[in-house]
Amino acid sequence: MVNLILALAMALALPASAAETSTCARIKVSGAGDCAQLKASLDISRCSDSKAVGSTQVQCEGEHARLTLKARKTTYTAAVELGPESWGVRKWVPKGPVARESQATHAEFQRRPAPPAKEAASEAAPAASATPAPAPALAPSATPAPAAPSVTFNGLFDLYYAYGFNRPRPAVNSFRNFDFFDNEFALNLVELTMQAQVGKVAFKTDLDFGEMADAMNGGIGTADEVAKHIGQAVVTFTPNDRFTLNVGKMATHMGFEVTKA
């Protein structure tokens, strides 16, 4: 009997839980973006203690907000936050259910005496020790190294066969530019190209061999034996996106880029 009375006394001495989940209250929230766009309230019309004292109080900071509504005997609280981005917009959404707290329980906790100074210090010490040390400042990044030169190689091979139905004599096609000889296979052009770029300066050179190389440099049999093999050798300087300077030997400096097509 004594044990039963002692157990009841201990149970009465323990404080009730500070808050519990409310199944009758509802969160009404709308808006997107910052706190100025948030519209939120608590609906307690389905609760037994549904007589609100004032309106819903909203405390918003950054991406989180706390809602508080007091009734005659109960205090209702809830949280909302900015949800994930959808189609470029972040909307405010509820964060968890509504919690309710009895006014009597709340008052009881408010009346609890503050712990002695020594006890408060001992409770604060672990919290202080758990605070992580600030991360060391990052050293300024070093100046980026200049980009390595970009070099590319490519080439083309052009072999043709031409047949003139008018049977020209000698076997040379008249009024033709690059398929000169009739009724025979001929090597028109072999071209090797190298391109390089370092920063704002680029270089391109074409090494040409074949009938086209002769035709572009004076004609077959009369072309310069050195110049005909240098189809292009051009240096390009581009200081900005509005100015480009090209210097060197160009196959078609006036823009007839389809000559070799």
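No experiment lies behind these values; they were computed from the predicted model shown.

1. As for the state of the cysteines
For step 1, the next point in the chain: Under the criterion given, the structure shown has two disulfides.
For step 2, the next point in the chain: One disulfide bridge connects Cys 24 with Cys 47, the sulfur atoms lying 2.0 Å from each other. Classification of the bridge connecting Cys 24 and Cys 47 rests on its S-S torsion, roughly 100°, and on that basis the disulfide is right-handed. A residue pair is termed long-range when its members are at least 10 positions apart, and Cys 24 in the loop between β1 (20-22) and β2 (26-30) and Cys 47 in the loop between β3 (39-43) and β4 (57-61) qualify at 23 residues.
For step 3, the next point in the chain: Since its relative accessible area comes to 15%, Cys 24 is described here as buried.
For step 4, the next point in the chain: The disulfide that involves Cys 35 links it to Cys 60, with 2.0 Å between the sulfurs. Sign of the S-S torsion, about -75° for the bond between Cys 35 and Cys 60, identifies this disulfide as left-handed. Separated by 25 residues along the polypeptide, Cys 35 in the loop between β2 and β3 and Cys 60 in strand β4 bring together distant segments of the chain.

2. What about the sheet that holds strand β12 (residues 230-240)?
For step 1, the next point in the chain: Read across the open sheet, the five strands follow the order β9-β10-β11-β12-β13; overall the sheet is antiparallel. In this open sheet, the two edge strands, each paired with only one partner strand, are β9 (150-162) and β13 (243-249). When the angles between neighbouring strand axes are averaged without regard to direction, this sheet yields 15°.
For step 2, the next point in the chain: Of the strand pairs in this sheet, β9 and strand β10 (residues 184-198) are connected by 13 bridges, and their pairing is antiparallel. Within β10, the residue paired with Leu 159 across the bridge is Leu 187.

3. As for the pattern of salt bridges
For step 1, the next point in the chain: Within this structure, the stated rule accounts for five salt bridges.
For step 2, the next point in the chain: With a closest N to O distance of 4.0 Å, Lys 28 and Asp 43 form a salt bridge. Of the two residues, Lys 28 is situated in strand β2 and Asp 43 in strand β3; the sequence distance between them amounts to 15 residues.
For step 3, the next point in the chain: Residue Lys 28 is classed as partly exposed on the basis of its relative accessible area, which comes to 49%.

4. Digging into the nonpolar core
For step 1, the next point in the chain: Counting 17 residues, the largest nonpolar core has Leu 42, Ile 44 and Tyr 76 as the members making the most contacts within it.
For step 2, the next point in the chain: Elements with a minimum of two residues in this core: β3, β5 (64-70) and β6 (74-82).
For step 3, the next point in the chain: If one sorts the elements of this core by residue count, β6 sits on top with four residues.
For step 4, the next point in the chain: If sequence neighbours within four positions are ignored, Leu 42 has contacts with Arg 26, Ile 27, Thr 56, Leu 67, Thr 68, Leu 69, Tyr 76, Thr 77, Ala 78 and Val 98.

5. A word on the environment of Glu 20
For step 1, the next point in the chain: Along the polypeptide, Glu 20 turns up in strand β1.
For step 2, the next point in the chain: When the C-alpha atoms of Glu 20 and Tyr 76 are compared, they prove to be 9.7 Å apart, with 56 residues separating the residues in sequence.
For step 3, the next point in the chain: Filtering out sequence-adjacent residues up to four positions away, Glu 20 remains in contact with Val 98, Ala 99 and Arg 100.

Parameters and conventions
Residues numbered from 1 in each chain as written. Predicted model: local features only at pLDDT ≥ 70, side-chain atom pairs only at ≥ 80, totals over all residues. Heavy atoms only, no water. Disulfide = S-S within 2.5 Å. Helix = DSSP H or I, 4+ residues; strand = E, 2+ residues; numbered from the N terminus. Buried < 20%, exposed > 50% of the residue type's maximum accessible area, 1.4 Å probe, protein only. Pairing = 2+ DSSP bridges. Axes fitted to C-alpha atoms, helices over the stretch in contact; angles between N-to-C directions. Salt bridge = Lys/Arg side-chain N within 4 Å of Asp/Glu carboxyl O. Core = buried A, V, L, I, M, F, W, Y, C linked by side-chain atoms within 4.5 Å. Contact = heavy atoms within 4.5 Å.

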